[in-house]
Structure formats: C-alpha cells, structure tokens
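Breakdown of the fold
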Protein chains: 2
Amino acid sequence: MEEVVRVVVDAMGGDNAPAQQVKGAVEAVQSMDGIRVIFTGQRRVIEQELAKYDYPKERIEIVNAEEIIEMGEPPVNAIRRKKDSSIVVGMNLVKHGEADAFVSSGSTGAVLVGGQLIVGRIRGVERPPLAPLIPTAKGVSLLIDCGANVDARSSHLVQFAKMGSIYMENVMGIKNPRVGLVNIGVEEEKGNALVKETYPLLKECEDINFIGSVEARDIPSGVCDVIVCEAFVGNVILKLYEGVGATMIKKIKEGLMTSLRSKIGGMLIKPALKETMKTFDATQYGGAPMLGLKGLVVKTHGSAKSGEIKNAVIQCVQFKQQHIEEIMRDLFQKN
Amino acid sequence: MEEVVRVVVDAMGGDNAPAQQVKGAVEAVQSMDGIRVIFTGQRRVIEQELAKYDYPKERIEIVNAEEIIEMGEPPVNAIRRKKDSSIVVGMNLVKHGEADAFVSSGSTGAVLVGGQLIVGRIRGVERPPLAPLIPTAKGVSLLIDCGANVDARSSHLVQFAKMGSIYMENVMGIKNPRVGLVNIGVEEEKGNALVKETYPLLKECEDINFIGSVEARDIPSGVCDVIVCEAFVGNVILKLYEGVGATMIKKIKEGLMTSLRSKIGGMLIKPALKETMKTFDATQYGGAPMLGLKGLVVKTHGSAKSGEIKNAVIQCVQFKQQHIEEIMRDLFQKN
C-alpha cells in the first residue's frame, strides 16, 4: 500500500479564498486515494465551506489559525510576527513532520520567506528557487528561478539546473530533460557576467543534459524542458508570458467584433479557440513548486480557482511518492 | 524649404538583401520629398536591383563597398578589419558628415559596435542604447535598452530614460511620455540591486515623467511609453514578445483546422484576424534606433522586408527634422 501524503492547504490566501481553496482540495481528495488534506485558517469559515460538500471526513481536517497575512505586507515582518497565520501555522506542520507539503495562493513574498525561514533548506542547497511550469507549443517547461532570489550567483544557477532536472524527470516524467540557460544569443561568448560565468559550469555538469544558451524567442516553442535563469529575468519571462497572451486574446476578440462576417466566424471558432487557449493556461498545471526545502511548498496563482488547487495538491502526491526530496538531499549533501 | 535628409542604406545586410533593402529605400524616396538615399554595398549588385524601378536618379546614389560582414562574425573584429564593408563604409559617411543616418538589417553586434566606434557617442552620453518600438494594446512603447550594453549601471539607465523620453515626444509625438522602470513588483523596495539604485535617481529627474516600476505583465497593455531596463532584460522582453506571439498564432491556426465548423469560422475571421495581427507586427514601426550617437543609426530586423526598410528611412527624416541629436547634445553636455 502506498503511503498517505499529507498536504496542508492554506484556506485563507488568495483572491478566491476560502471558497475555491476548499473546493479544490475536496476535489483532490475525492479524485484519488492516498491524500489527506489539512486546512489551516479560521475554523468557522472553513467549516462553513466544507459543509457544502460530501467528502470522506477522516481525510480532511482543520488546524485553526486566526491571523491572515495580507498581500501587501512586508514578508519578513509578516512571517516573524503573525505566528497564528494560516501560512506560519501550515509551514510549521511541515517543519515538524506532521505534514509533507504546503499549498498556498497567498502572498508570494510571505510563502518564499516562510519556506526558507520555517520549512528550511536541505543542507547543501544555497538558495531554494521558485519554479513554475509554463505552457509551450510542445507541453510545459520549468522556469527556474522566478522567486525572490534576485542578484543570484553562478553556483545558484547550477543548483537550479540540477533541481529542475530532477523535478522534470521524476514529477513530470520527462526523460533526460533538456536544460537551457537563458541568454541574449546562442553563442558561448554572449551574455552578461553571470551568464558567462555560469555557462562553462553547466557544460561541466555530468548529471544534467545541458543544451546550451536559449534565447527568449525560442522558449514558447518548447526548445528546452528546464529554463535556467536568475529570478529577476525569470519573473520578467513569467509575467510577460501572461501579459502578451492576455493582450493578444483581448485584441483578437475585439477584432472579431468588427464586422458581421467576423462575428459569425467568431461564433463558429469559439470551441476550437477555447480548447487552444486551454493549452496556454498556466493554471492547468497546478502551482509553482519551491524546490530544495525540507518538505514541499507550492505557490499557486493568487487568482487560483479550484482546478489549480486540485492540481497543486495532486502534484504534492507525485512529489512525495517519487521521493524528490530524498533525491535532492542525496545530491546536495554528497557535493 | 526643409533640408534634405541623407540616409545611408546598407544594401548587403539582412536575410533579404539586397532586393528588399533596395525596394524599401526606393519606396521611401518615392513617398516623400526631402530624402536622399545612399546605398553602400557591391555596386553591380545594387545597380541590378535598382534597374527594376523607376525613381528620381538624382536622389539615389551608390557608394561601393566590396566586403560583407556576416551574421556570425565577432563584431569588434569585423568592424576593425573589414574597412571596405557596407557597414563600415556607410557609418564613415555619417561620421564625416556626408550623411545624416544609417539603416542596416545586418549583424546587430556589428551595427552596435560600429555605432560606438565609428559614428561615436555624443559627449556626455555614457552608453548608446538600442531602443526598438514594441507594439502594445494602445499603440507602441519604446523598449530601452535592448543593445549590447549588458551589466549596465544606474547612471546608464537614467540616461536611457531621458533619451527615450526625447525620442517618444519628438519622433513619435507622444506628449509627456510616461517612463516606467521594469521591475518584479510595483513597490519601491522591490527589485535587484540595479533597480533599487536606479529607482530613486529616476524619481529625482525633473525632466521626465517617471511613473514608477512596471511589471512585465503590464507592458503589452501599454502601461507606459518608455520602458527602461538594462539590455539583458530588454533583449529577453523583445524576443519573448515575438516568441509568444508567434507560438500563439501558430496554435490558434492549428486549432482552427480541427473541425469543419472551425475551418469555416476560420475562413470568415481571416480578414479581421489579419488586421489584428498587423497591430502586433513590430515591422510596421521601422527599425530600432541606436540613440546618443553623433548621427542616427537604425537597426531593422534581420528578416526585414521592404515595408520595414521604407519606414526606417522615413523615421530617419523625422529624427533629423525634429533635431533629436541637437536636443540630446544640449541635454547631456550641460549635465
């Protein structure tokens, strides 16, 4: 029998909390065995939401946390002071071995700081990256790092490449994932100081499949599986991806309203367009894992709906059952 | 009578040279008075192309240059050694006051290096940025810097903001252009070391309309007119913009082929979709100016067709007639 994976779901964080968080987590529990969900947050509010669903009572529990960390709060202060918040209480459950993973749609800053300060890094990991999956023409790629680790060093990027490879191979099932370094040209001598220093280090790594520099232009076509960059660049890529997509869809929809002909055409293509857009919808793929921690932390979009929460919870099961943390522990402690 | 603007067009650089370069430049000359074009490149080849058109002979001439700088060549070497290349010969015409501007679809690296080494910076300008116009939902924004100036300092970014404002106000006719600093959050304390250092400096500038940090997500909606960033980030933004757009269009087209219904719809929406896509087509807006030089250098896409060349040549006229170089000279020499 496979072991039960215990996932904490922050019921209070995100634009649609607690309704969508509770709904998504319940759906995850209903969809497969081997998951137990622990909600952290205000008990009475969570109970009200839970009352709407029929679910196996023994597989969902609530740990009360009265405080809520708001989106605008300075993260370090919030984590240090709000000991009774859904994030701090939830992460402490992971820290003390009472849960395996933590999923939140709340403040990215607070989740990243909490991950480092409360859950803690695996020994040997210099910086834990936040690594969202982004949709491409061929499937998904892991964009590592999009976190708070700005001004990274080359040794950090090398670790990101290794952690990303482990994740894509074991959680996403991509054999020998291709690792690319984000650069402004594909030639080895191109780049800023950080990239020039990192390139030869990645080339030397025997445990990853480094394919060299990749240009941002080629990311959407799925040129590699693990996209390595420092967090400022990663953040720009992630957000521009969403921004260009959203603006183009809006423009296309406006364009379809310009004539009767295009309106009729628009009605006919609606189902096909919707299906196409779905493949470009990041929420299909669960949240962004924060890697290199003693336990898994997953950050979903702030606007996450139940589908994303459900996928994020299921992602945690995969992560645990594939022993990702143990693989990383072995890798970084021996180095 | 307005003065004649003399524009050198590199006839040998780019994927479609010399045919599209010659065609575009001839079209520019035909479209308005006040332009004279000087082609640099292999005379016999250019003459062959020119023979296809009917144009005012006194307004187009050829200065022979036998060598061609290839795309893959190390730029500094190429500029130093190939004295008889279309780029070096063309830039020397600008340097010696025999032309006002230089347009090339050739190697970006060679154009940037040539701009600095041959045409030369305006005194007081620390680094000349390459600043393409990118399409947004509202029009276009200037993305400054996308050049070769990686690892920039905060003082460079402040100059980029000023040069970009002058360009957008005078060439593009946008009054009091909004300047945004690319960042990973809109709060003042967010960012990497460079951005944190640059933010207060931009805030202090009285001669620009600084609106604060902008996130990459908001760039496509047209949140600001001048997008300030260092070249590595700018390059990622520019190329990802093109990449996401191209991949989405491809996916949508594939989606339209999935059923008879969507195929019919696709035929009906074709004209509207084409019109919409045109607004997202960077080639509509001419090339990317390299600012802060003693003369104008414009780099078009390597894949430029005649329309982009024509627009780039006309852009040079606007630049000269609005006295952009003099405005920048006044600004940076007094500081």
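Residues numbered from 1 in each chain as written. Chains lettered and ligands numbered in written order. Predicted model: local features only at pLDDT ≥ 70, side-chain atom pairs only at ≥ 80, totals over all residues. Heavy atoms only, no water.

1. Describing the confidence of the model for chain A
Worth spelling out the cut-off: Values of pLDDT, ranging from 0 to 100, describe the predictor's confidence in every residue of the model.
Residues at a pLDDT of 70 or more form 97% of chain A, whose mean pLDDT is 92. For this predicted complex, the interface score ipTM comes out at 0.88, while the overall pTM is 0.90.

2. Some remarks on the packing of helix 8 (residues 231-256) of chain B against helix 9 (residues 260-279) of chain B
All names here are of chain B. Condition: Only C-alpha atoms enter the line fits that serve as axes; for helices the fit covers just the stretch in contact. Angles between N-to-C directions range over 0 to 180 degrees. By definition, any uninterrupted DSSP run of H or I lasting at least four residues is a helix, any uninterrupted run of E lasting at least two residues is a strand, and each is numbered from the N terminus. With respect to orientation, any angle under 35 degrees is reported as roughly parallel, any angle over 145 as roughly antiparallel, any angle of 65 to 115 as roughly perpendicular, and every other angle as oblique. Residue contacts are defined here by distance: any two heavy atoms, one from each residue, within 4.5 Å place the two residues in contact. Asp, Glu, Lys and Arg are counted as charged, while Ala, Val, Leu, Ile, Met, Phe, Trp, Tyr, Cys and Pro are counted as nonpolar; the rest, among them Gly, fall into the polar class.
Running from N to C, helix 8 and helix 9 point in directions that differ by 155°, and their axes come no closer than 10 Å. Between helix 8 and helix 9, the angle is such that the two are roughly antiparallel. On the side of helix 8, the interface is formed by I249, G255 and L256, while helix 9 contributes S262, K263, G266, I269 and M277. In terms of residue class, the contact of helix 8 with helix 9 is built from four nonpolar, three polar and one charged.

3. Some words on the relation of the copies chain A and chain B
The condition that has to hold: The fit set for superposing copies consists of C-alpha atoms from residues with pLDDT of at least 70 in both; the fit itself is least squares.
For the pair chain A and chain B, the best superposition has an RMSD of 0.0 Å and corresponds to a rotation of 180° with a translation of 0.0 Å parallel to the axis. The operation mapping one copy onto its partner corresponds to a two-fold rotation axis. Residue G265(A), judged by its C-alpha, is the member of chain A lying nearest the rotation axis, at 2.0 Å. Looking at chain A, 100% of its interface residues are interface residues in chain B too, so the copies touch through the same face.

4. Observations concerning the packing of aromatic side chains
Residue and element names in this part refer to chain A. Going by this rule: Paired rings are identified among Phe, Tyr and Trp, the last through its six-membered ring, by centres lying within 6.5 Å, and are further divided according to the angle between planes into stacked (under 30 degrees), edge-to-face (over 60) and tilted (the rest). A ring is considered to have a charge above it if a Lys NZ or an Arg CZ atom is located within 6 Å of its centre and within 35 degrees of its normal.
According to the stated counting rule, one finds four aromatic pairs over all chains in the structure shown. When the ring of Y167 is compared with that of F319, the centres are 6.1 Å apart and the planes differ by 45°; the resulting orientation is tilted. Taken together, the positions of Y167 in helix 6 (residues 154-170) and F319 in helix 10 (residues 306-321) put the pair 152 residues apart, joining distant regions of the chain. Sitting over the face of the ring of Y55, K57 holds its NZ or CZ atom 4.1 Å from the ring centroid.

5. Topic: the sheet that holds strand 8 (residues 209-215) of chain A
Sheet strands associate in pairs through backbone hydrogen bonding, adopting either a parallel or an antiparallel arrangement. All names here are of chain A. Definition in use: DSSP calls a pair of strands paired once it identifies at least 2 bridges connecting them.
An order of 5-6-9-7-8 is seen for the five strands of this open sheet, with the pairing classed as mixed. Either end of the sheet is taken by a strand with one partner, and the two such strands are strand 5 (133-135) and strand 8. Across the sheet, the mean angle separating the axes of adjacent strands is 35° when strand polarity is ignored. Sheet analysis places strand 6 (residues 140-144) next to strand 9 (residues 226-228), joined by three bridges and oriented parallel. By the bridge assignment, L142 is partnered in strand 9 with V226.

6. Notes on the sheet that holds strand 1 (residues 5-10) of chain A
Residue and element names in this part refer to chain A. Ordered in space as 3-2-1-4-11-10, the six strands form an open sheet in which the pairing is mixed. At either margin of the open sheet sits one strand with a lone partner, and together these are strand 3 (60-64) and strand 10 (288-290). Sheet twist, expressed as the mean angle between neighbouring strand axes with direction ignored, is 25°. Lying on the sheet, helix 1 (residues 19-31) is in contact with strand 1, strand 2 (35-41) and strand 3; it crosses strand 2 at an angle near 165°.

7. Notes on the environment of G180(B)
Residues and elements named next belong to chain B. The condition that has to hold: For every residue, the accessible area (1.4 Å probe, protein chains only) is compared with the maximum for its type, and the residue is labelled buried under 20%, exposed over 50%, or partly exposed between those bounds.
Structurally, G180 can be placed in strand 7 (residues 178-183). Take G180: its relative accessible area is 0%, and that puts it in the buried class. With 34 residues separating them along the chain, G180 and V214 place their C-alpha atoms 5.6 Å apart. Not counting residues within four places of it along the chain, the set of residues in contact with G180 comprises F210, I211, G212, V214, C224, V226, I227 and V228.

8. Quick word on a positive patch on the surface
This is how it is decided: Exposure above 30% relative accessible area and the lack of any salt bridge qualify a residue for a patch; like charges then connect within 9 Å, and the nonpolar side chains Val, Leu, Ile, Met, Phe, Trp and Tyr within 5 Å. Residue exposure ignores everything except the shown protein chains as possible cover, and the areas themselves are Shrake-Rupley values with a 1.4 Å probe. Any carboxyl oxygen of Asp or Glu within 4 Å of a side-chain nitrogen of Lys or Arg constitutes a salt bridge here. None of His or the chain ends enter the tally, which takes Lys and Arg as positive and Asp and Glu as negative. Where a charge lies is defined by one atom per residue type, namely NZ (Lys), CZ (Arg), CG (Asp) and CD (Glu).
Together, K253(A), K270(A), K274(A) and K278(A) make up a region of like positive charge exposed at the surface. Judged by its relative accessible area of 51%, K253(A) is exposed.

9. Regarding the interface of chain A and chain B
How big an interface is tends to be stated in terms of accessible area lost as the parts join. Defined as follows: Buried area adds together the accessible area that both of two parts lose upon being put together, with accessible area traced by a 1.4 Å probe.
Counting residues at the interface gives 51 residues for chain A and 51 residues for chain B. Where chain A abuts chain B, roughly 4,700 Å² becomes buried across the two surfaces, and 76% of that area is made up of carbon and sulfur atoms. The interface formed by chain A and chain B holds four salt bridges in total. Taking the shortest distance from any N to any O, the salt bridge between R217(B) and E242(A) comes out at 3.4 Å. If you list the elements that add at least two residues to the side of chain A that touches chain B, you get strand 7 (178-183), helix 7 (193-204), helix 8 (231-256) and helix 9 (260-279) of chain A.

10. Some points on empty space enclosed by the protein
The criterion, for reference: A 1.4 Å probe that fits into a set of points on a 1 Å grid over the protein atoms alone but cannot get out defines a cavity; an open set with protein on both sides within 12 Å along at least five of seven lines defines a pocket, and lining residues are those with an atom within 4 Å of a point. Grid points are joined across faces, edges and corners, and a volume is the space filled by probe spheres set on the points.
Under the criterion given, the structure shown has two cavities of 30 Å³ or more. Its boundaries defined by the atoms lining it, the largest cavity holds a volume of some 50 Å³. Around the largest cavity sit F232(A), L157(B), L181(B), V182(B), N192(B), L194(B), V195(B), V228(B), C229(B), E230(B) and V233(B), which together line it. Those elements giving two or more residues to the lining of the largest cavity turn out to be strand 7 and helix 7 (193-204) of chain B. In this structure, the second largest cavity encloses a volume near 30 Å³. In this structure, the second largest cavity is lined by D10(B), M12(B), G13(B), I68(B), I69(B), S86(B), I87(B), G106(B) and S107(B). Here the lining of the second largest cavity is built from residues that sort into four nonpolar, four polar and one charged.

11. Focus: unusual backbone geometry
With omega at 0°, the peptide bond leading from A17(A) into P18(A) counts as cis. Checked against the element boundaries, P18(A) lands in the loop between strand 1 and helix 1. In the Ramachandran plot, N176(B) falls in the positive-phi region, its phi being about 50° despite a non-glycine side chain. Overall, the relative accessible area of 49% leaves N176(B) in the partly exposed class.

12. Brief notes about the environment of D151(A)
Residues and elements named next belong to chain A. As for its placement among the helices and strands, D151 is situated in the loop between strand 6 and helix 6. A residue is classified by how much of its surface remains accessible, and D151, at 43% relative accessible area, is partly exposed. Expressed as a C-alpha distance, the spacing of D151 and I174, which sit 23 residues apart in the sequence, is 30 Å.

13. Side note on the nonpolar core
Operational definition: By convention a nonpolar core is built from buried Ala, Val, Leu, Ile, Met, Phe, Trp, Tyr and Cys residues, the set being connected through side-chain atoms within 4.5 Å.
With 177 residues, the main nonpolar core has F39(A) and F39(B) as its most contacted residues. Per-element tally for this core: the top contributor is helix 8 of chain B, with 12 residues. Those residues within four positions of F39(B) in sequence are excluded, and the remaining contacts are V9(B), A11(B), Q21(B), V22(B), A25(B), I46(B), L50(B), I60(B), E61(B), I62(B) and V63(B).

14. A word on the pairing of strand 6 of chain A
All names here are of chain A. Among the five residues of strand 6, five are classified as buried, and the element is accordingly described as predominantly covered. Burial along strand 6 is two-sided: V140, L142 and I144 and S141 and L143, pointing in opposite directions, are all buried. Bridge count between strand 5 and strand 6: three bridges; the pairing is antiparallel. Each residue of the ladder has a partner; that of L133, found in strand 6, is L142. Two successive antiparallel strands, strand 5 and strand 6, enclose a turn made up of four residues, where G139 displays a positive phi of approximately 155°.

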